[in-house]
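Chain by chain, the residues:
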Amino acid sequence: MKPINSMSLTLSDSIATRKAVHAVQKPCRFCGHQLNRTFVDLGMSPLCETYPGPQDLNRMEPYYPLHVYVCEQCLLVQLEQYESAEHIFSDYAYFSSYSDSWLRHARNYCEQMIERLPLGPDSFAVEVASNDGYLLQYFVERGIPALGIEPAANVAKVAVEKGVPTLIRFFGADLARDLAAQGRCADLVLGNNVLAQVPDLNDFVEGLQILLKPTGVLTLEFPHLLRLIERNEFDTIYHEHFSYFSFLTVTRILEAHGLKVFDVEELATHGGSLRVYACRAEDRSKSVQPKVEALYRQEAAAGQDQVAGYQSFAKQVRQTKWDLLDFLIAARREGKSVAGYGAPGKGTTLLHYCGIGRDLVEYTVDRSPYKQGRFMPGNHIPIYHPDRIQETRPDYVLILPWNLKDEIMEQMGFIREWGGRFIVPIPELTIYS
Ligand SMILES: [Zn+2]
């Protein structure tokens, strides 16, 4: 994938082009249609995965609009891109291996694919955006040749140390052609939670198609827009996620690049995700499963096959903000202390949209050593080691990665010893004692 503004323009050309683009048009990332219709406007927010260190606290931080549109032509829900992908992802702070449940998910996926496809020592699996090797390690363990592609050098390095071969590159049609020319097309191409982060969607999907062997299988996992709307997961909207997919739009995008969807599974990960199975359009060896048609019908029943179905989301999001603020302000007025748990990207969106700073949430904690000693973007809520909770005994712990709430409430169950309670803000404010 080649980020738009790294193409062979000179700097002044690039700035002039960008100004002109912003003045007159906002083309849809997939179909090019003009974007006019707001899905939700979350105001201005800093980049959610750039955690300032103590030395950065007196520096300016860029804020960008979190204004989401729905394309009236193809119904792709999307943000405009405000930063180059290189800026956002070259020193990415998200290490997948710090979540136990995510690792279990990755191991199960590998076992399932080894059996279903099947995969063996003569197969080849490629993961796009392979992060720290959290998933491919299970293929490597079973002797299945694998290759990761990961643009963030600091994260890729961890994968290589684990024995997972990894190319430090952005993925797109160019890289796929290079690999194909070396005879390195794959039996399985997979992309977990990467599609949303792709600025040049058409180039990326073209690359996936090129990389597949004639009877190869592509699997893509991404948060399902149907669930995002239904479960009010507005905090999963952030600058690093440019697009939000329904099953219908993802199918259209794959079809536009010679791929055919033949199966789909609904997963509990990331608040409700889809795993879409696709193959080359001309591959007759796979039959389309009934689940495919059933899911199109489910989306249509929710009104998401028409632009009108995207109209009421903004109102429910505002209600969530008011409820959370009411609760936190009342708790603080009563002299209660509130700490956060986790420093995920979604935490930045939630805290900024709700206007929550250190006056309401004193600090947060995270298991990732990379984040400890740093600060949440923008509001500079400090991030500590989870032991801090035991030391300071807060009255409430606000769980920011609510998708992992069961795991976290189990790990942190000891807060009940001093009467501590958990706050889960999404889908609606819930207090657990
Ligand atoms: Zn469109």
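The coordinates are above.
Values in this document were obtained by computation on a predicted structure and should not be read as measured data. (Residues numbered from 1 in each chain as written. Predicted model: local features only at pLDDT ≥ 70, side-chain atom pairs only at ≥ 80, totals over all residues. Heavy atoms only, no water.)

Engineer: Can you break down the overall build of the chain residue by residue, with the values?
Structural biologist: A count of helices and strands for the chain gives 14 helices and 17 strands. For the chain, the C-alpha radius of gyration of 22 Å lies close to 22 Å, the compact-globule estimate for 433 residues. Dimensions of the chain, computed from C-alpha atoms along their principal axes, come out at roughly 65 × 50 × 50 Å. Counting over 433 residues, the chain shows a buried share of 55%. (Helix = DSSP H or I, 4+ residues; strand = E, 2+ residues; numbered from the N terminus. Rg over C-alpha atoms; globule rule 2.2 N^0.38 Å. Buried < 20%, exposed > 50% of the residue type's maximum accessible area, 1.4 Å probe, protein only.)

Engineer: I'd love a proper account of the coordination of the zinc ion, names of residues and values included.
Structural biologist: For the zinc ion, every protein donor is listed as Cys28 (SG), Cys31 (SG), Cys71 (SG) and Cys74 (SG), and the spread of their distances is 2.3 Å. Taken together, the four donor atoms surrounding the zinc ion define angles of 103 to 117° at the centre, an arrangement classified as tetrahedral. The sequence pattern describing where the donors of the zinc ion fall on their chain is C-x2-C-x39-C-x2-C. For Cys71, a relative accessible area of 0% puts it in the buried group. You can call Cys74 buried: its relative accessible area is 5%. (Donors = N, O, S within 2.8 Å, 3.2 Å for Na, K, Ca; no water. Tetrahedral: all angles 85-135°; square planar, octahedral: opposite > 155°, others 65-115°.)

Engineer: A description of helix 9 (residues 247-255) should follow, citing residues and the corresponding values.
Structural biologist: Listed in full, the buried residues belonging to helix 9 are Phe247, Thr249, Val250, Thr251, Ile253 and Leu254. Looking at the buried side of helix 9, the elements it contacts are helix 7 (201-211), strand 8 (212-223), strand 10 (259-267), strand 11 (273-280) and helix 10 (290-301). (Contact = heavy atoms within 4.5 Å.)

Engineer: Give a detailed account of the sheet that holds strand 17 (residues 430-432), specifying residues and quantitative values.
Structural biologist: Within the open sheet, the four strands sit side by side as 12-15-16-17. Their pairing is mixed. Among the strands making up the open sheet, the edge pair consists of strand 12 (338-341) and strand 17. Across this sheet, the average inter-strand angle for adjacent strands is 30°, counted without regard to direction. Summarising the sheet, strand 15 (residues 396-399) and strand 16 (residues 421-424) pair through three bridges and their orientation is parallel. Across the sheet, Leu398 pairs through a bridge with Ile423, a residue of strand 16. (Pairing = 2+ DSSP bridges. Axes fitted to C-alpha atoms, helices over the stretch in contact; angles between N-to-C directions.)

Engineer: Kindly report on helix 12 (residues 345-354), identifying the contributing residues and their values.
Structural biologist: When you tally the buried positions in helix 12, you get ten out of ten residues, the bulk of the element. All of the buried residues in helix 12 are Gly345, Lys346, Gly347, Thr348, Thr349, Leu350, Leu351, His352, Tyr353 and Cys354. On its buried face, helix 12 is in contact with strand 1 (37-46), strand 2 (63-70) and helix 11 (313-333). Looking at the residues trailing helix 12, positive phi occurs at Gly355, about 70°.

Engineer: Quick one: what's the story with the side chain of Glu233, residue by residue and with numbers?
Structural biologist: Mapping Glu233 onto the fold places it in the loop between helix 8 (225-230) and strand 9 (243-244). For the buried Glu233, which has no salt bridge, the nearest side chain bearing the opposite charge is Arg231, at an N-O separation of 4.5 Å. Setting aside residues no more than four positions away along its own chain, Glu233 makes contact with Arg227, Leu228, His270, Gly271, Trp402 and Ile426. (Lys, Arg positive; Asp, Glu negative; His and termini not counted. Salt bridge = Lys/Arg side-chain N within 4 Å of Asp/Glu carboxyl O.)

Engineer: Tell me about the pattern of salt bridges, and name the residues and values.
Structural biologist: Under the definition given, this model contains 18 salt bridges. Where Lys162 meets Asp132, a salt bridge forms, and the shortest distance between an N and an O atom there is 3.9 Å. Here Lys162, found in the loop between helix 5 (153-161) and strand 6 (166-167), pairs with Asp132, found in the loop between strand 4 (125-128) and helix 4 (136-141); they are 30 residues apart in sequence, far enough to count as distant. For Lys162, a relative accessible area of 35% translates into the label partly exposed. For Asp132, a relative accessible area of 2% corresponds to the buried category. Residue Glu266 pairs with Arg227 through a salt bridge whose shortest N-O separation is 2.6 Å. Taken together, the residues span a long stretch of sequence, with Glu266 in strand 10 and Arg227 in helix 8 at a distance of 39 residues. One salt-bridge network, held together by shared partners, links Arg227, Glu230, Glu266 and Lys291.

Engineer: Before we move on, can you summarise the nonpolar core with the specific residues and values?
Structural biologist: Phe39, Ile237, Phe313, Ile356 and Ile389 are the most contacted members of the largest nonpolar core, which has 56 residues in total. In terms of residue count, the dominant contributor to this core is helix 11 (seven residues). Among all residues touching Phe39, those that are not within four sequence positions of it are Val68, Tyr69, Val70, Val77, Leu225, Leu228, Ile229, Ile237, Tyr310, Phe313 and Ala314. Counting 46 residues, the second largest nonpolar core, distinct from the first, contains Val126, Leu220, Leu254 and Ala278. (Core = buried A, V, L, I, M, F, W, Y, C linked by side-chain atoms within 4.5 Å.)

Engineer: Report on the packing of aromatic side chains, specifying residues and quantitative values.
Structural biologist: Describing an aromatic ring pair means giving the distance of the ring centres and the angle of the ring planes. Throughout the structure, instances matching the rule amount to eleven aromatic pairs. When the ring of Phe39 is compared with that of Phe313, the centres are 4.7 Å apart and the planes differ by 5°; the resulting orientation is stacked. Of this pair, Phe39 sits in strand 1 while Phe313 sits in helix 11, and the two are 274 residues apart along the sequence. By the burial criterion, Phe39 is buried, and Phe313 matches it. Ring centres of Phe327 and Tyr396 lie 5.2 Å apart, and the angle between their planes is 80°; on these two criteria the pair is classed as edge-to-face. Remark: Tyr396 occurs in strand 15 and Phe327 occurs in helix 11; sequence separation between them is 69 residues. Of note, Lys346 hangs over the ring of Trp402, and the distance from its end group to the ring centre comes to 5.1 Å. (Phe/Tyr/Trp six-rings, centres within 6.5 Å; stacked < 30°, edge-to-face > 60°. Lys NZ or Arg CZ within 6 Å of the ring centre and 35° of its normal.)

Read these as spatial facts, not as claims about activity.
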